[in-house]
Amino acid sequence: MMRKTLGISWVLTGILTGLFVLSSAAQPQIRVGIAFGEGGKNDRSFNQSAAEGAERAKQDFGVQVFDFEPTDPSQLGPGVRRFAEEGFDVVIGVGFALEPAVTASAAEFKEVKFGLVDAVSPEKDNVASLLFREHEGSFLVGYIAGKQTQTGVVGFLGGMDIPLIHKFEAGYRAGVEYACAEDGITCRVIANYVGTTPAAWNDPARAKEIAAAQKAQGADIIYAAAGGSGLGLIDFVKQERCLRASDLPAGVSFIRDPFAEVPKPADYASLCSGDTRPLFFIGVDANQNYLGDTDNNPATLNHGLTSMLKRVDVATYEVIRSVVEGNFVGGIQTFGLENEGVGYALDEYNQALLPADLVAAVEAVKQNIIAGTLQVPEER
């Protein structure tokens, strides 16, 4: 049976076409529908993390996964509803903008289970509202930035200017300040947002402009919590590669060089000669460290300092597993440091950038947050 309705493309995971053939005789027991938010499943960040969780569930449990990517915000609601009308076993809405659609569909289709990322639905029986303690993970990457900044100025680049992203900023700012206080230095955090509408999640050009402005103020490390817009920051950092002493604004200077011994790519010396320091981004949601590699060699300087991991993949996987195993529970589920729902990325791409003593310090801070002896603010 061929379907294409309401301008919605139904895509069986792994098949790059807007149409699919679905044989009722071949249907597996569990059907999963995922409605992505702005930016789509290939944003290399928030949405992609959810897609990866669903793909893992598909491999582990043999579920059948269908997804929907909106071309504009008006399509968010119809995407969720169509999955519910078709009687899917579980429908997952990725992002707070899906809350109205999930809530309305859950109220009408009580037999369908729903997962809702980053928002709380009043429908508690058949909706698992999946929330994250983003401020905790952001504190850790802020702590890393504070320990490794070469100028004492770091940046925060938010997507949509809303309370959810303020949590990222608050945790990051607190982490930077905590680390700099430990080292007896004064640091400054510059914060800017891409916009005030959902389009802010998918505007890399604007993010690149913000990154350039922050670099001009002396920021050498910039953390983006901006969905697909964050790719603009990454592109900017890889193009610029470094800061020059001659370009630093008044009152800003190089205070240290923690990356002096890190091997540089072959072209780095010619691009960044003289008194310079490398420029870094901090990724978000998924592990974006690999995107900072400029020479396909993880052993040389990478421009991804670390990434704040928001494990939307884990939350998505767990909701699907609960449906498969018959133990789905509605209501609020929270993911933080204590259950590895957030964290920071350490891999072959940034191992040389984070020395062992720094990693040990980050882990100690992490345990203090989990124990409650270190309180992380959620508001700016």
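Up top you'll find the structure we're talking about.
From a predicted model like this one, the values you see are computed outputs, not experimental measurements.

Caption draft 1: Summary view of the pattern of salt bridges. For the structure on display, the rule yields 22 salt bridges. A salt bridge links Arg380 to Glu169, with the shortest nitrogen-to-oxygen separation between them at 3.4 Å. Note that Arg380 is positioned in the segment after α10 (356–371) and Glu169 in helix α5 (residues 163–182), a separation of 211 residues in sequence. Where Glu209 meets Arg206, a salt bridge forms, and the shortest distance between an N and an O atom there is 3.0 Å. Of this pair, Glu209 and Arg206 both sit in helix α6 (residues 204–216), separated by 3 residues, roughly a single helical turn.

Caption draft 2: Spotlight on the packing of aromatic side chains. For the structure shown, the criterion picks out 11 aromatic pairs. A centroid spacing of 5.6 Å and a plane angle of 70° characterise the contact between Phe156 and Tyr223, whose relative ring orientation is edge-to-face. Here Phe156 is found in strand β7 (residues 153–160), whereas its partner Tyr223 is found in strand β9 (residues 221–225), with 67 residues between them in sequence. By relative accessible area, Phe156 is classed as buried at 0%.

Caption draft 3: A look at the packing of α6 against helix α7 (residues 230–240). Closest axis-to-axis distance for the α6/α7 pair is 7 Å, and the angle between their directions is 50°. In terms of orientation, α6 and α7 fall into the oblique class. Remark: the crossing between α6 and α7 carries right-handed chirality. Across the interface between the two elements, Pro204, Ala207, Lys208, Ala211, Ala212 and Lys215 of α6 pack against Leu231, Gly232, Leu233, Asp235, Phe236, Gln239 and Glu240 of α7.

Caption draft 4: Inspection of the environment of Val32 at higher detail. When you line up the elements, Val32 lands in strand β2 (residues 31–35). The class of Val32 is buried, set by a relative accessible area of 0%. Residues Val32 and Asp67, spaced 35 residues apart in sequence, show a C-alpha to C-alpha distance of 8.3 Å. Apart from the residues lying within four places of it in its own chain, the contact partners of Val32 are Val63, Gln64, Val65, Phe66, Phe88, Val90 and Ile320.

Caption draft 5: Focus on the side chain of Glu169. The buried category is assigned to Glu169, whose relative accessible area is 4%. Separated by 2.6 Å, the side chains of Glu169 and Tyr193 make a polar contact. In this structure, Glu169 is in contact with Phe156, Ala191, Tyr193 and Arg380, ignoring residues within four places of it in sequence.

What counts, and at which threshold
- Residues numbered from 1 in each chain as written.
- Predicted model: local features only at pLDDT ≥ 70, side-chain atom pairs only at ≥ 80, totals over all residues.
- Heavy atoms only, no water.
- Salt bridge = Lys/Arg side-chain N within 4 Å of Asp/Glu carboxyl O.
- Helix = DSSP H or I, 4+ residues; strand = E, 2+ residues; numbered from the N terminus.
- Phe/Tyr/Trp six-rings, centres within 6.5 Å; stacked < 30°, edge-to-face > 60°.
- Buried < 20%, exposed > 50% of the residue type's maximum accessible area, 1.4 Å probe, protein only.
- Axes fitted to C-alpha atoms, helices over the stretch in contact; angles between N-to-C directions.
- Parallel < 35°, antiparallel > 145°, perpendicular 65-115°, else oblique.
- Left-handed = near helix turned anticlockwise from the far one by under 90°.
- Contact = heavy atoms within 4.5 Å.
- Polar contact = N/O pair within 3.5 Å; in protein donor to acceptor, adjacent residues only side chain to side chain.

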